[in-house]
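# An overview of the molecular structure
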Amino acid sequence: MEALEKFRQETRAWLGENCPPSMRTPMTSEDETVWGGRNAKYANPEAKLWLDRMAERGWTAPTWPKAYGGGGLSKEENQVLQQEMRRIKARPPLSSFGIWMLGPALLEFANEEQKKEHLPRIVRGEIRWCQGYSEPGAGSDLAGLQTKCEDKGDHYLVNGQKIWTSYADKADWIFCLVRTDPTKKHDGISFLLFDMATPGVEARPISMISGASPFCETFFTDVKVPKGNLVGELNKGWTIAKRLLQHEREMISGMGLGGAGSGAGLGGLEQAAKDYYGEQNGRVASPSLRDHITRQKMDGKAFALTMQRSAEEAKAGQGPGAASSIFKYYGTELNKRRFELLLEIMGTKGLGWEGEGFTGDEITVTRSWLRSKGNSIEGGTSEVQLNVVSKRVLSLPD
């Protein structure tokens, strides 16, 4: 306990000295999110400074081993770090599919050479990754994927198409599921890594109802991939794919806890309700709305605690498991419910799309409300999650 308290004091002092003042304010738009990568753009120069300082200590991936660029912190030390960052309202230094999804899978399944090549660059935010899973003809049956990967002796040759590839047009590398044996379903899938700058790779953004284009169609035409980029054994990629999906679903679940674009620009649910509906004795004037906000905050707090417990169990070696489907389903519903409540609070101001008469924060909330509907589809639909919960958590018969 004494050592942990010493760590807390050292961490508090370091954060106080190294976290720039502007990195202690809420993000008001997704443009402020730091994704890193070869072509990274920073809305605020201090965001890059904050990233570099945290990465140097390995604190963008605090519990990863130091040998691969991580912080090497114990789960107790990481908990202290997160508490101290929340205390000063520090922004996350880096948002990264590499940290949330690929890195944990590489730590478990990659060979030593692959770990040393990719993990430190993920920690430093030097490479931005995208995920090549969904295909136009596979739907929710991910294992039905058909992107072909042929063994050409000294390299693999990849041909096919992916869809709903998040930020593929901005990513530097892709982790991709490919079919290496057409005679088998799950046992004919392999897990490949390759550079998006490789000849034959093309990403086309898909315009969404929110006006943004975070998703892409991604085409592969005679893409040559070095054999050393195969992770795990040939035709054993499905095991890696499932584990990575569990990490992805936990990441999406976190949207239920709020973040940029979730009303932060309006000061949060309670402040927004006071501003739009009025205030009475320091409280939201509408009793009905007050009740809805309280219920949302209580559910959010309970969900956060449950997520925290699950994270502790995962660090204890139990892995994310099928329970990640529960979190993905509930976090999705919680996130959608928050936006419905924000729209109710904003009234006619929630009808804005562009132009005068609406603030930038109001337009952001309305567009994010539309975007939140996609949470039920990405990372496995809600129906898929309910099937997983039925079979693997509740052990119900088919």
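Each remark here, short or long, concerns the structure printed above.
Residues numbered from 1 in each chain as written. Predicted model: local features only at pLDDT ≥ 70, side-chain atom pairs only at ≥ 80, totals over all residues. Heavy atoms only, no water.

## Comments concerning the side chain of Ser372
Within the secondary structure, Ser372 is located in helix α10 (residues 360-372). By relative accessible area, Ser372 is classed as buried at 2%. (Helix = DSSP H or I, 4+ residues; strand = E, 2+ residues; numbered from the N terminus. Buried < 20%, exposed > 50% of the residue type's maximum accessible area, 1.4 Å probe, protein only.)

## Quick look at the pairing of strand β1 (residues 129-132)
Taking every second residue as pointing to the same face, both faces of β1 are buried, with Trp129 and Gln131 on one and Cys130 and Gly132 on the other. Strand direction decides the pairing type here: β1 and strand β4 (residues 173-179), joined by four bridges, are parallel. Bridged to Cys130 within β4 is Ile174. (Pairing = 2+ DSSP bridges.)

## Observations concerning helix α2 (residues 45-56)
The end-to-end C-alpha separation of α2 is 17 Å, in line with the 16 Å expected for twelve residues at 1.5 Å each. All of the buried residues in α2 are Ala47, Trp50, Leu51, Met54 and Ala55. The buried residues of α2 all sit within an arc of 125 degrees when viewed along its axis, so they share a single face. Opposite its buried face, α2 presents the exposed residues Pro45 and Glu56, each directed more than 90 degrees away. Those residues of α2 that are buried are in contact with α1 (2-18), α3 (75-87) and α5 (112-123). For α2, the N-terminal capping position is held by Asn44, with its side-chain oxygen 2.8 Å away from the main-chain nitrogen of Glu46. Backbone geometry just downstream of α2 places Gly58 in the positive-phi region, at approximately 80 degrees. (Expected span 1.5 Å × (residues − 1). Arc of directions from axis to C-beta. Contact = heavy atoms within 4.5 Å. Polar contact = N/O pair within 3.5 Å; in protein donor to acceptor, adjacent residues only side chain to side chain.)

## Some thoughts on the pairing of β4
Burial analysis of β4 places seven of its seven residues in the buried class, which makes it a mostly covered element. On β4, burial covers both faces: Trp173, Phe175, Leu177 and Arg179 on one face and Ile174, Cys176 and Val178 on the other are all buried.

## A few points about the packing of α1 against α3
Two elements in contact, α1 and α3, have axes separated by 10 Å at closest approach and are oriented at 40 degrees. The hand of the α1/α3 crossing is right-handed. When α1 is examined against α3, the residues Leu4, Phe7, Arg8, Thr11, Arg12 and Leu15 are found in contact with a partner set consisting of Glu76, Glu77, Val80, Leu81, Gln83, Glu84, Met85 and Arg87. In the contact of α1 with α3, the residues fall into six nonpolar, two polar and six charged. (Axes fitted to C-alpha atoms, helices over the stretch in contact; angles between N-to-C directions. Left-handed = near helix turned anticlockwise from the far one by under 90°. Nonpolar A, V, L, I, M, F, W, Y, C, P; charged D, E, K, R; others polar.)

## What to know about the packing of aromatic side chains
Summed over all chains, the structure comprises 14 aromatic pairs. Relative to Tyr167, the ring of Phe97 has its centre 6.3 Å away and its plane inclined at 40 degrees; by these criteria the two rings are tilted. With Phe97 in helix α4 (residues 97-109) and Tyr167 in the loop between β3 (155-162) and β4, this pair connects stretches of sequence that are 70 residues apart. No difference in accessibility class separates Phe97 from Tyr167, as the two residues are buried. Ring geometry for Trp164 against Phe215: centres 5.8 Å apart, planes inclined by 90 degrees, an arrangement best described as edge-to-face. Placement of the pair is Trp164 in the loop between β3 and β4 and Phe215 in strand β7 (residues 215-226), with a sequence separation of 51 residues. We classify Trp164 as partly exposed; its relative accessible area is 47%. Here the aromatic residues Trp35, Phe97, Trp100 and Tyr167 are joined through ring pairs into a cluster of three or more. Here Arg128 stacks its cationic end above the ring of Tyr167, 4.8 Å away from the centre of that ring. When the ring centre of Trp353 is taken as origin, the NZ or CZ atom of Arg367, which lies over that ring, is 4.1 Å away. (Phe/Tyr/Trp six-rings, centres within 6.5 Å; stacked < 30°, edge-to-face > 60°. Lys NZ or Arg CZ within 6 Å of the ring centre and 35° of its normal.)

## A closer look at the environment of Ile127
With respect to the helices and strands, Ile127 occurs in the loop between α5 and β1. Measuring from C-alpha to C-alpha, the distance between Ile127 and Trp173 comes to 7.1 Å, with 46 residues separating the pair along the chain. The residues contacting Ile127, other than those within four sequence positions of it, are Gly37, Arg38, Arg121, Asp172 and Trp173.

## Some words on the state of the cysteines
Taken as a whole and judged by the stated rule, the model has zero disulfides. Free of any disulfide, Cys176 has its nearest neighbouring cysteine sulfur in Cys130, separated by 8.4 Å. Owing to a relative accessible area of 0%, Cys176 belongs among the buried residues under this scheme. (Disulfide = S-S within 2.5 Å.)

So, to be careful, I would describe these as geometric facts and stop short of saying anything about function.
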